[in-house]
Amino acid sequence: TFLYADEDGKRIYSLASNFVITSRYTWWNFVPYNLWDQFHEVANVYFLCVGILEIIPAISTSQGIPTTYLPLSFILTVSAVRSALDDYQKHKDDAAVASRPYMVFCPKLSAANPSGGTSKVRKMPHKGRRPDGYCYKTSGELEVGDIILIPQNDSFPADILCIASAHKKGHCFVETASLDGETNLKIREAVPTIHEALPYKQLQLGDEKDEGKRQSLIDAAISEMSPMLKTMKGQLEFGHPDKDLEKLQGKITAQFGDRIEQPYNLKGNNLLLRGTTLKNTAFIIGIVLYTGPDTKIRKNNESDGVIKLKKSQIMGKVNTLLLYMLGFQVFLCLLGAMYSGIWQSQNQDVFYLDLPGSIATEIVLRFFTWFIILAQLVPISLVVTSELTKKTQQVFMEHDVKMWDDERGPLKVNYGQISEDLGQVEYIFSDKTGTLTQNRMEFRVAFIGPETYGSSETDIAKRVKLKEKLAENPDLKPDKQPWTETVKELESKLEEADGVVKFPSVTKAAMQQLMWGKYKDSEQAQRVKNFLTHMAISNTITPVQEGDDIIYNSSSPDELALCNFGRHMGFTFTTRSGAEGSAIVTLVEDRLGEKVEVSYRLQAIIPFDSVRKRVTVIYSDLERKSVWIMCKGADSSVEPLLEDAKSVPGHDKFNMKSKLLEASNFGLRTLLVAESKKDFSWWKKRREAFFATKNLQPEGKMTKRQVKEKKRAAFKKLELEADLKLLGATAIEDQLQHLVPECIEDLLEGGIKVWMLTGDKRETAKNIALACNLIEPDMIAFKPPESIRSEGSLAKFRMHSANALLENRLIEVTGKWATLKDDKKALESLFQLIDQNHNGSIEVSELEMILGALKLPMGDNKSVNIFPGKNEGDTISQDEFIQFVQSTDINITKAIRADIKAGIQRIKSIPDLDRYPVAMVVEGGGENSALGKISEAPEEESIPVNDGWFEWLCPCFKKEEKIQLSKKDLEILLLKEEFFDLASKCKSVVACRCTPLQKAWVVEEMRKRTGAVCLAIGDGGNDEPMIKKANVGVGIYGKEGSAAAQAADYAFGQFRYLHTLLFVHGAWSYERISTMVLYIFYKTTIVAIIQFYFGFVSGFSGQILFNPWIFIFYNAAFTALPIIITAVLDQGLSREQLENIPKAYRSFISRDQLFGARIFLRIVMIAVVHTALIFFTCVWSMDTNAISRPNGQVTGLWLSSTLIYFVVVIMVSFRLTFEMKSITWIHHFVFWGSLIFFFLVAMGLNAVVTFVPDLFNVVFYMWQSPMAWLTAILAGSIPLLLDLGVKATKIELFPSYLDLLRERRILGEEVASRHGSEETFKFAPRNTRKQKLKHDHIVKNFKNKVSQESHRKTSSIAERNDMERLVNTLLRWRDLTGAVFDATEDAGDILAYDSTESSRTQTEVGAPKEEIKHSARRPAIGAL
């Protein structure tokens, strides 16, 4: 027994129930809560107010009866039923979770109830006998303080304090995939004071195959603990429920009989969180701490405010259009009220009208009367129709077999209310690893010491080489295969990969012979052994024995690939027992057939995170005589820790930098591996401080961020003190997913701009982008030569690279070249590159020639005072040149600005960006990166003030306070504007070294400033921020977990399904929803405006034209189903056309192609014209004073109004057929069924005496009148024929691209090749002129402010700017050419060689000694 009390010692009785409710409604609050939710819609509130106005007799048109409430009730009911069905499913899920049975330790109840179950338990959780002292409770019955038993593979029903485990050391393994999306196993520990006090029985389950016997052994071990648990009592103190998943504060004191254990301070790794799952541990015993809504996962799910749901572009525009219609309605009401007042003033003398005396009162009353009559201008059924349509579309999407993945299942739609945005996507922001690639790592190359093992010939490298070859010979390029045929070919030959290790068998044998053969004592053999040991155990992997096989559980595919490589090479990681500080790790080495078991003691793990970018593991021998520090991670994070790097900055041991650069150029992911061995005393001095820092928790004034920074600083200090030595590096291939290049090529052709946001280095990202078709080879004007040593090749290289700097269509925004200003070696090579005569000095003529190639003229006086005192014939020495460059004020911000300006100038020089597209590479990362600097810009120049309740109700009265920005902030703001202006003009962008927050920031900025629909796609938890920021979030069920898929609006298994999602379902949804919204506004405008026209006949008295009881069914029944079916099933283009002709999608995203203010106003005007044609044709054709009935009655109002109503319903229904692009039997059934239903309802209402007796039998009289038939045909056909003529003229004379494709579909013509001239079509611009003017105004404003902050320009400042521009260009040129030198050999040696050997002639037989020397020391990736 444990005592649970508050801080004052009072017992706690009102603890939360463990029954978790995720549903919004209950049976007793459903009606008020649902009405509250629905009346947050403006349209519903609008019609509620209209109904109130109808009750007022003086202005009512329905004798005080609120007829609007009937269709409103129908719509509210439909929406409520949909909400109830969704919520009912949540209730069922909650009940299923709450009814799961769990074993709870309660010996008294267990003895009294041998069956072991409560009234709510129906079945046993497993076969075998129940452990002594345990009974069953459902999850919903659990209470704080219950001692609960959790078997393997069961999830935890509450937050549980672990007090005992099946493992001797008290640890257990927990999977947290449902919490954070990660599939790795995390180690948790039992309270040692209790676990060690309980009797422990060693479980030998590895060889036991019989499940019943296995369970019996486990039950026996649990039963042995029961006697001690019966005697246990104590006190447990713990903190209030909070959101911190890693924090647990408290203290537990246990007593067994007369023995009182020492108090134990609780830690975060003692807590087992609700929803996580027990893995690789037979059982644990724990105490329930937090239940139900108090659990940490539920605390994290609590929202501090109302969750803002995404709204599609169309529905966002609809809210604005509703305001337009409301304004139009008010205008017509004012017009009708004034005309009513004028008519009354002119007819005051007519005694039988009994008109009121006050004209002003009449005007006010008639205004509200007309407001009621014209209420149909705001469509009452738009919201519910849209919801039903999108819900049905969602069902069709989820059942599309073309998007079914055999491993991960079908498309899942988490939020389908933005389906039309899929057809308007202009920007795609994609992660790389696991999204474009398979996240299935294959080990390729091992760099160990000075040697290289393995092959770097990857699929990505082959694809890049093929693209470069085709770019050189365009005639060899085959015709593009249609997407549908490509998919069929893939499905026919798709096979699973052979494994995760593709390593040359010859190399493997040679390495094993080196380690265990006659050279086993050599230095290289020892390096190889240490390297492979690193691969096997320097990780956080948990090996699990399953029969004869060992399964590795890891959240990192990189770690898994390295560990599998170690096993492939004969270093098999077999067991990890115990927790950090005491765990024993076992490794089995295959020594040429002899199996040798080697064990190490795990001392500490310094985990990987996105800031450190490395993991460090410390092992010792079993006798604790020495420690082995193993570190691996990104080269940028490991290199500063190396002993050689600390003593000799820039030192490159084993020539590792060039090796990694070459591997990156092949698209491989690289990691540096370092190690150090120390005496155990070294670790003993630091162990206590290390664990004290590692277990540090936020307390007092110390925030969580400060704790993390303190931990990182302490970890780095420890790693620096370890004196790590470079051991080698790894290179792993992450293969592209199937059809990713083909899919991206179609997306780009469809007018979508694609961004790849990745954390990889620039070289790797560029090669992946080349393989994925994000970058085309012809965008890169600079082609590195095969050799620059032959005679004259360096001079050609010099001019070619200078010209290419300005001709590249691959723009790189990094600013990294600014660091070359302080690199004397780089400046020396730049000087020698300009020095064409190689005489140690630069003549002004030589400089002018280079500057001319770089399009930087020296100026009118040929010197521009750049080098004071120098005349035209003078020379510039190397020291003078270096001093001149280093004297300029060039920092990273100016360098980034120079890159952006160069990119903007390059784009301006291209006449046709469609034909010659531009790509951009931008570097992210820390504050000294391009994205890091740009993201430092302040968000706004003003902030809102006086935000009270009045400003909340009336946003137009909000005031803003200007922020005084510094010159630096203004420059960064200007830099940000120019960068995004440049980025918006690029066809594709590759952002490397990006952090998750930078990804989300980029997506949000592009969405805000362009107003375009942005789609973000990723597969990991680090992609979740950008997925939530985008208009449309797409997740891939990846190997990094399902966090991205859970946070996304749409989720599927492979990137290539994005092709179908956008080009097929997106195009269909956008066209369907556009048609639906416009048609609903069209039909409601007609029925409202026709009553306004009736005012010209009725003196604007407010007399209604239609019978209210038949009028209310107009939107809700007579014209509702046909448009819903059209919005669900209509297909403007076939699936095959949409998938095989990407340019069709470009027509959808062109400005105002299907929906916009211009199209909306045109539809409203068409409705106004059609209404006039119908009304006045009927009124003038049907003489209301003529006798038309056998009993001598005249035609009258109700016969004419009924005829007009019939014409309106039939004409509006047939008008919908003009919008249908495809017609099926379902269309026919619903269309004719709706008309038949309309006739039946009309006859029913006319067959009985209604609230308007004059309407009795009017329909039957109308059908007997030949004049009525002729009038109906004439009035209905005129608007239809007029509309048909306009539509035919437009399609015939001014067809859109979609019109031409539909014509091809109907005529069955073959689709022409997309490379042919037939497919060229000028599409409407997507960015409006208003957006461009706004951007230009912002840039101009920032420039003015920057100039105001600066001093007045003088000639010296102008000269300084010229100097900076010149140095910028020269350094960018050096950065471009230096990449060739740095990737091959030392630039200075090449230039020196060129100066001494330029006169010598190369023969075909031999090569110079220098060349042989350099070739020998170049790193070659290949076989051993």
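Residues numbered from 1 in each chain as written. Predicted model: local features only at pLDDT ≥ 70, side-chain atom pairs only at ≥ 80, totals over all residues. Heavy atoms only, no water.

(A) Representation of helix H10 (residues 359-373) in the model. Between its terminal C-alpha atoms H10 stretches 20 Å, which fits the 21 Å expected from 15 residues at 1.5 Å a residue. Against helix H2 (42-55), helix H9 (313-346) and helix H35 (1057-1098) lie the buried residues of H10. (Helix = DSSP H or I, 4+ residues; strand = E, 2+ residues; numbered from the N terminus. Expected span 1.5 Å × (residues − 1). Contact = heavy atoms within 4.5 Å.)

(B) Layout of a nonpolar patch on the surface. A cluster of nonpolar side chains, contributed by Leu-323, Tyr-324, Leu-326, Val-330, Leu-334 and Met-338, occupies part of the molecular surface with about 550 Å² of accessible area. Within the element layout of this structure, Leu-323 appears in helix H9. (Patch = residues over 30% accessible without salt bridge, like charges linked within 9 Å, V, L, I, M, F, W, Y side chains within 5 Å. Areas by Shrake-Rupley, 256 points an atom, 1.4 Å probe, with all protein chains shown as cover. Salt bridge = Lys/Arg side-chain N within 4 Å of Asp/Glu carboxyl O.)

(C) Molecular detail of the state of the cysteines. What the rule picks out here adds up to 1 disulfide. The disulfide that involves Cys-106 links it to Cys-135, with 2.1 Å between the sulfurs. Across the S-S bond linking Cys-106 and Cys-135, the dihedral sits near -105 degrees, which makes this disulfide left-handed. Taken together, the residues span a long stretch of sequence, with Cys-106 in the loop between strand S2 (101-105) and helix H4 (107-112) and Cys-135 in strand S3 (residues 134-138) at a distance of 29 residues. As far as the burial class goes, Cys-106 and Cys-135 line up, both buried. (Disulfide = S-S within 2.5 Å. Buried < 20%, exposed > 50% of the residue type's maximum accessible area, 1.4 Å probe, protein only.)

(D) Structural view of the nonpolar core. Within the largest apolar cluster, 105 residues are counted, with the highest numbers of intra-cluster contacts made by Val-318, Val-1077, Ile-1204 and Tyr-1205. When residues in this core are grouped by element, the largest group, 20 residues, is from H35. Once residues lying within four places of it in the same chain are set aside, the contact partners of Val-318 are Leu-382, Val-1077, Phe-1081 and Phe-1155. Counting residues in hydrophobic clusters, the runner-up holds 52 residues, among them Leu-747, Met-756, Leu-1015 and Leu-1062. (Core = buried A, V, L, I, M, F, W, Y, C linked by side-chain atoms within 4.5 Å.)

(E) Just helix H41 (residues 1157-1181), in detail. With 25 residues, H41 should reach 36 Å at 1.5 Å per residue; the first-to-last C-alpha distance of 36 Å fits that figure. Here H41 has its buried residues at Ile-1159, Phe-1160, Ile-1163, Val-1164, Ala-1167, Val-1168, His-1170, Thr-1171, Ile-1174, Phe-1175, Thr-1177 and Cys-1178.

(F) Structural context of the sheet that holds strand S13 (residues 277-279). In spatial order, the strands read S7-S6-S13; together these 3 strands make up an open sheet with antiparallel pairing. Among the strands making up the open sheet, the edge pair consists of strand S7 (185-189) and S13. Ignoring strand direction, the axes of neighbouring strands in this sheet form an average angle of 45 degrees. (Pairing = 2+ DSSP bridges. Axes fitted to C-alpha atoms, helices over the stretch in contact; angles between N-to-C directions.)

(G) Structural view of the pattern of salt bridges. With the rule as written, the count across this model stands at 37 salt bridges. Salt-bridge contacts for Arg-591 lead to Glu-589; the nearest nitrogen and oxygen are separated by 2.8 Å. Accessibility expressed as a relative area gives 5% for Glu-589, which makes it buried.

(H) Focus on the sheet that holds strand S38 (residues 1050-1052). The sheet built from 9 strands is open, its strands ordered S15-S38-S37-S36-S16-S28-S35-S32-S29 with mixed pairing. Each edge of the open sheet carries a strand with a single partner, namely strand S15 (412-413) and strand S29 (810-813). Here strand S16 (residues 425-431) runs beside strand S28 (residues 753-757); their pairing, made up of 5 bridges, is parallel. Counterpart to Phe-429 in the pairing with S28 is Trp-755.

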